[in-house]
Amino acid sequence: MRQALLAMTVLAALAVPAPAAIPDAAMPQTTSIAKHDDGAEYVWRVFCSSGLRYSYIPASQFPTSSRFEEVKTPQTGDIAWWPEYVAIFVAQNDQLITSHGFVKLAELSGDQPRYYRMRIMPGEKPGDKPQPGECQRNLL
């Protein structure tokens, strides 16, 4: 039930992507896209906007986070992880949702990702709308 709720909540937040999420140029066909962006902030904002809150985690630290657990069979809303990049997996068409837009997993060269699923903690209410400014990182 929690997994279905997680997937539905993430998909609802993605139904209307932000204009900045769809660039003019297509995403490079390799995981080397991490040279400028590890995808973690985009994933964090999407989850936060959909009511799934967690402390920001850079891509390199997903495997050590207690907030996410590795899964062998990914579902929509799970995190596709490479050591230098993360994206949101869409199972229906084997695509990834990134800050650069959608990309088919089969089009990427290099290593296959590992997958992580967010743990819903007792008492959490996924889907609750965030407070204004809650999904903005304060970098100061």
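Given the structure is predicted, the values throughout are model-derived calculations rather than measurements.

1. Details of the overall build of the protein chain
Next up, step 1: Within the protein chain one finds two helices and six strands.
Next up, step 2: Ordering the α and β elements of the protein chain from the N terminus gives α-α-β-β-β-β-β-β.
Next up, step 3: Looking at the protein chain as a whole, 42% of its 140 residues qualify as buried.
Next up, step 4: Within the protein chain, residue pairs in contact and separated by at least 24 positions form 66% of the contacts whose partners lie at least 6 positions apart.
Next up, step 5: With an accessible surface of roughly 7,900 Å², the protein chain has 55% of that area assigned to carbon and sulfur atoms.

2. Comments concerning unusual backbone geometry
Next up, step 1: Its identity is not glycine, yet Asp 94 carries a phi of approximately 50 degrees, on the positive side.
Next up, step 2: Relative to the elements of secondary structure, Asp 94 occurs in the loop between strand 3 (85–90) and strand 4 (95–98).
Next up, step 3: Judged by its relative accessible area of 41%, Asp 94 is partly exposed.

3. Quick notes on the side chain of Thr 98
Next up, step 1: Tracing the backbone through its elements, the reader meets Thr 98 in strand 4.
Next up, step 2: For Thr 98, a relative accessible area of 2% translates into the label buried.
Next up, step 3: Among the polar contacts made by the side chain of Thr 98, one reaches the main-chain amide nitrogen of His 100 at a distance of 2.9 Å.

4. Side note on the packing of aromatic side chains
Next up, step 1: This model, assessed by the stated rule, comprises six aromatic pairs.
Next up, step 2: Each ring, one from Trp 81 and one from Tyr 116, has its centre 6.0 Å from the other, and the planes form 80 degrees; the classification is edge-to-face. Of this pair, Trp 81 sits in strand 2 (residues 79–82) while Tyr 116 sits in strand 6 (residues 114–118), and the two are 35 residues apart along the sequence. In this pair, the class of Trp 81 matches that of Tyr 116, namely buried.
Next up, step 3: A network of ring pairs unites the aromatic residues Phe 47, Tyr 54, Phe 62 and Phe 68 as a single cluster.

Calculation rules
Residues numbered from 1 in each chain as written. Predicted model: local features only at pLDDT ≥ 70, side-chain atom pairs only at ≥ 80, totals over all residues. Heavy atoms only, no water. Helix = DSSP H or I, 4+ residues; strand = E, 2+ residues; numbered from the N terminus. Buried < 20%, exposed > 50% of the residue type's maximum accessible area, 1.4 Å probe, protein only. Contact = heavy atoms within 4.5 Å. Areas by Shrake-Rupley, 256 points an atom, 1.4 Å probe, with all protein chains shown as cover. Polar contact = N/O pair within 3.5 Å; in protein donor to acceptor, adjacent residues only side chain to side chain. Phe/Tyr/Trp six-rings, centres within 6.5 Å; stacked < 30°, edge-to-face > 60°.

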